[in-house]
Amino acid sequence: MRFRRNALANNATAQVIRDEKRNLFLHINETPIAQWFKEQFGLGQEKRRGIRR
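Residues numbered from 1 in each chain as written. Predicted model: local features only at pLDDT ≥ 70, side-chain atom pairs only at ≥ 80, totals over all residues. Heavy atoms only, no water.

A. Examining the overall build of the protein chain more closely. Within the protein chain one finds 1 helix and 3 strands. Along its sequence from the N terminus, the protein chain presents helices and strands in the succession β-β-β-α. Within the span of the protein chain, comprising 53 residues, buried residues form 8% of the whole. The long-range share in the protein chain, meaning contacts at least 24 apart out of those at least 6 apart in sequence, stands at 21%. Split by element, the accessible area of the protein chain, about 5900 Å² in all, is 47% carbon and sulfur. (Helix = DSSP H or I, 4+ residues; strand = E, 2+ residues; numbered from the N terminus. Buried < 20%, exposed > 50% of the residue type's maximum accessible area, 1.4 Å probe, protein only. Contact = heavy atoms within 4.5 Å. Areas by Shrake-Rupley, 256 points an atom, 1.4 Å probe, with all protein chains shown as cover.)

The following block contains the structure:
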């Protein structure tokens, strides 16, 4: 499932950070990109309901 959303960011800084294994990670305002998007769109805050197996 893909979501096409736009996010506006004023006065944001983007950084590409390399870890010790030489992997690259994108951070916006020193926050990992996935976490930043979750904060922008309010994702991950609702609790999932369902049957636990």
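B. Layout of the packing of aromatic side chains. Tallied over the entire structure, the rule returns 1 aromatic pair. Pairing Trp 36 with Phe 37 gives two aromatic rings, centres 5.1 Å apart and planes at 80°, and the pair type is edge-to-face. Owing to a relative accessible area of 8%, Trp 36 belongs among the buried residues under this scheme. Taking relative accessible area as the criterion, Phe 37 reaches 33% and is therefore assigned partly exposed. (Phe/Tyr/Trp six-rings, centres within 6.5 Å; stacked < 30°, edge-to-face > 60°.)

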